[in-house]
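# Commentary on secondary and tertiary structure
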Amino acid sequence: SQELEQSPQSLIVQEGKNLTINCTSSKTLYGLYWYKQKYGEGLIFLMMLQKGGEEKSHEKITAKLDEKKQQSSLHITASQPSHAGIYLCGADMDAGGTSYGKLTFGQGTILTVHP
Amino acid sequence: DTEVTQTPKHLVMGMTNKKSLKCEQHMGHRAMYWYKQKAKKPPELMFVYSYEKLSINESVPSRFSPECPNSSLLNLHLHALQPEDSALYLCASSLEQRSGNTIYFGEGSWLTVV
């Protein structure tokens, strides 16, 4: 089983609709990152969450980390075709921090937004 | 500016060739990373450099040889690669190798081994 489970694997929505992507672990997440990737390109940083209960927003994207620091969600409001791509959650699972930089990634969610 | 620049964008090499991938950042970051991403898979860590010293090597085969000549540059030297090494190689950097520092990725270098 994956250390970081991401769901759904793919999502097709109509422009203007809201959507949520989830990222779940059985272990504590000491840093949770959300990235967006276009196929074959680099990762674009979206947000980083560290504290239990933390919530951050940027433009129409909101990310939350639950109080237990084992689950995060990414919510997009009023989706647009420009939101299409692969969304990846990545987590630092090292309590001691000595392996920081070793992000464990979920399998990704492929988002398609139809105009 | 949160830019990590990687060259070349595409590289095709034979199994007996020697080539290098290059990565550069001018954000004053002291931690730099190499990740490998196979098609339709998530990225996996290969190496981490912290203050120009190798900090993490994820048991990567010796045909991949990293080098950090200064705090702004990171190279990945490639020699005697196998076709299964074909992948997207991503460079990343952060202010320090410490929790709480955002990790920024470059656009990647597509490597094809023939």
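Report on the accompanying structure. Keep in mind that what you see is a predicted model, and the values were worked out from it rather than measured.

## So, the overall build of chain B
Summing up its helical and strand segments, chain B has zero helices and 11 strands in all. Order of helices (α) and strands (β) in chain B, N terminus to C terminus: β-β-β-β-β-β-β-β-β-β-β. Relative to the compact-globule value of 13 Å for 114 residues, chain B shows a C-alpha radius of gyration of 13 Å, a close match. By its C-alpha atoms, chain B is 40 × 25 × 20 Å across when sized along the principal axes. With 114 residues in all, chain B has 47% of them scored as buried. Within chain B, contacts between residues at least 6 apart in sequence are counted, and of these 54% link residues at least 24 apart. A total accessible area of about 5400 Å² is found for chain B, and carbon and sulfur atoms account for 49% of it.

## With respect to empty space enclosed by the protein
All names here are of chain B. Tallied over the entire structure, the rule returns one cavity of 30 Å³ or more. By volume, the largest cavity is sized at about 30 Å³. Forming the walls of the largest cavity are H29, R30, M32, Y49, Y51, E52, C68 and S71. The residue inventory of the lining of the largest cavity, partitioned by class, reads four nonpolar, two polar and two charged.

Calculation criteria
- Residues numbered from 1 in each chain as written.
- Chains lettered and ligands numbered in written order.
- Predicted model: local features only at pLDDT ≥ 70, side-chain atom pairs only at ≥ 80, totals over all residues.
- Heavy atoms only, no water.
- Helix = DSSP H or I, 4+ residues; strand = E, 2+ residues; numbered from the N terminus.
- Rg over C-alpha atoms; globule rule 2.2 N^0.38 Å.
- Buried < 20%, exposed > 50% of the residue type's maximum accessible area, 1.4 Å probe, protein only.
- Contact = heavy atoms within 4.5 Å.
- Areas by Shrake-Rupley, 256 points an atom, 1.4 Å probe, with all protein chains shown as cover.
- 1 Å grid on protein atoms, 1.4 Å probe; cavity = no way out; pocket = protein on both sides within 12 Å on 5 of 7 lines; lining within 4 Å.
- Points joined across faces, edges and corners; volume = space filled by probe spheres on them.
- Nonpolar A, V, L, I, M, F, W, Y, C, P; charged D, E, K, R; others polar.

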